[in-house]
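Tertiary structure, described
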Amino acid sequence: MKLLEGDTALVTGAGNGIGKGMADALEAEGARVMRADVEFDLTKKENAQRLAEEAIRRLGKVSLFVHCASPRRQESQTVLGATFEQWREMLSVNLDAAFVICQALSKHMIENRIKGRILLVTSLHAESPRNLAHYSAAKAGETMLMKELAKALGPHGIRVNAIAPGAIPGGGFFAPPAMVEKIPMRRFGTPADVAAMAVAILSERFGAYVTGSTVVVDGGIGLHNWIEPAR
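What you are looking at is a predicted structure, and each value in this text was computed from that prediction instead of being measured.

Calculation rules
Here the residue numbering is sequential within each chain, running from 1 through the sequence in written order. Side-chain atom pairs in this predicted model are given and counted only at pLDDT of 80 or more, local residue features only at pLDDT of at least 70, and totals for whole chains, interfaces and linings cover all residues. By convention in this description, side-chain values take in all heavy atoms of the structure and omit both hydrogens and water. Secondary structure elements are taken from DSSP: a helix is a run of H or I of four residues or more, a strand is a run of E of two residues or more, and numbering for both begins at the N terminus. When checking whether two residues touch, look at their non-hydrogen atoms; a contact exists if any pair is within 4.5 Å. Side-chain atoms within 4.5 Å are what join buried Ala, Val, Leu, Ile, Met, Phe, Trp, Tyr and Cys residues into a set we call a nonpolar core. Think of it in three bands: with a 1.4 Å probe and only protein chains considered, a residue is buried below 20% of the maximum accessible area for its type, exposed above 50%, and partly exposed in between. Contacts described as polar in this section are N or O atom pairs within 3.5 Å, which, within protein, must combine one atom able to donate a hydrogen with one able to accept it, while residues neighboring in sequence count only if both atoms come from side chains.

Okay, the side chain of Ser203 next. Residue position: Ser203 is located in the loop between α5 (191-202) and α6 (204-207). Setting aside anything within four residues of it in sequence, one finds Ser203 in contact with Leu3, Leu4, Arg159 and Ala208.

One finds Leu10, Leu42, Leu51, Ile101, Leu105, Ile118 and Val160 to be the most contacted residues of the largest nonpolar core, which totals 34 residues. For this core, the elements supplying multiple residues, two or more each, are β2 (32-36), α2 (45-59), α3 (84-111), β4 (117-121), α4 (133-153) and β5 (159-165). If near-sequence neighbours (up to four positions away) are discounted, Ile101 is found in contact with Leu10, Thr12, Leu42, Ala48, Leu51, Ala52 and Phe65. In this structure, Ile18, Ala23, Ala31 and Val33 belong to the second largest nonpolar core, which totals 25 residues.

Attention now moves to unusual backbone geometry. With a phi close to 55°, Arg113 is a non-glycine residue in the positive phi region. Relative to the elements of secondary structure, Arg113 occurs in the loop between α3 and β4. Arg113 sits in the exposed class, given a relative accessible area of 77%. For Arg186, which is not a glycine, the phi torsion comes out positive at approximately 55°. In this fold, Arg186 is placed in the loop between β5 and α5.

What follows is about the side chain of Asn161. Within the secondary structure, Asn161 sits in strand β5. From its side chain, Asn161 meets the backbone oxygen of Val210 in a polar contact 2.9 Å long. From its side chain, Asn161 meets the backbone nitrogen of Gly212 in a polar contact 3.2 Å long. For Asn161, the residues in contact, after removing those within four places along its chain, are Ile118, Leu119, Leu120, Met146, Ile201, Val210, Thr211, Gly212 and Ser213.

Shown next as structure tokens:
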């Protein structure tokens, strides 16, 4: 039997990169998947609410939610350089939409006694500043939202976790070739690397007792001291 046989999933940001990899992997393991991407503008609360409602309507029930959507980020966008519009867009899609959709789907799961699972795609940026102020703040907020959800929903049998990818070229991220030398495993990651771990976390076979956790899939790049030593 496949790991997610009988599950129904909503995946945001599923048009390319990590989000597409997640959706493909969930389908390969037996889940029915609604892929959401550009047709839903998640900078607006009403669209996030409509997406949750549409997923329930199309799938009949939703047992899995994976939030991968995020605006394309600009490299080295410090707190001094980011505009308020960029700040609001980044937080709206990453954090506000996650809150609205998670709240709506959590109520749906509780009312229908669904042992659901929620996975938020966060980042190493959630733990340390890396010259992307709006992105780091959004991902740090998502991490705490995940923990609050896990605490509130655990008694209902609903698990909530996060996954923090490392350097995964594609989607909205361009990896300079020299960056590979900073990665202990000496290669960039792929969407499939992240998706394989996501399936394990979401499955009851491997992840049944995992909630409130961030699982890092980064080839060890998080071990690297981001501040270069003086030469």
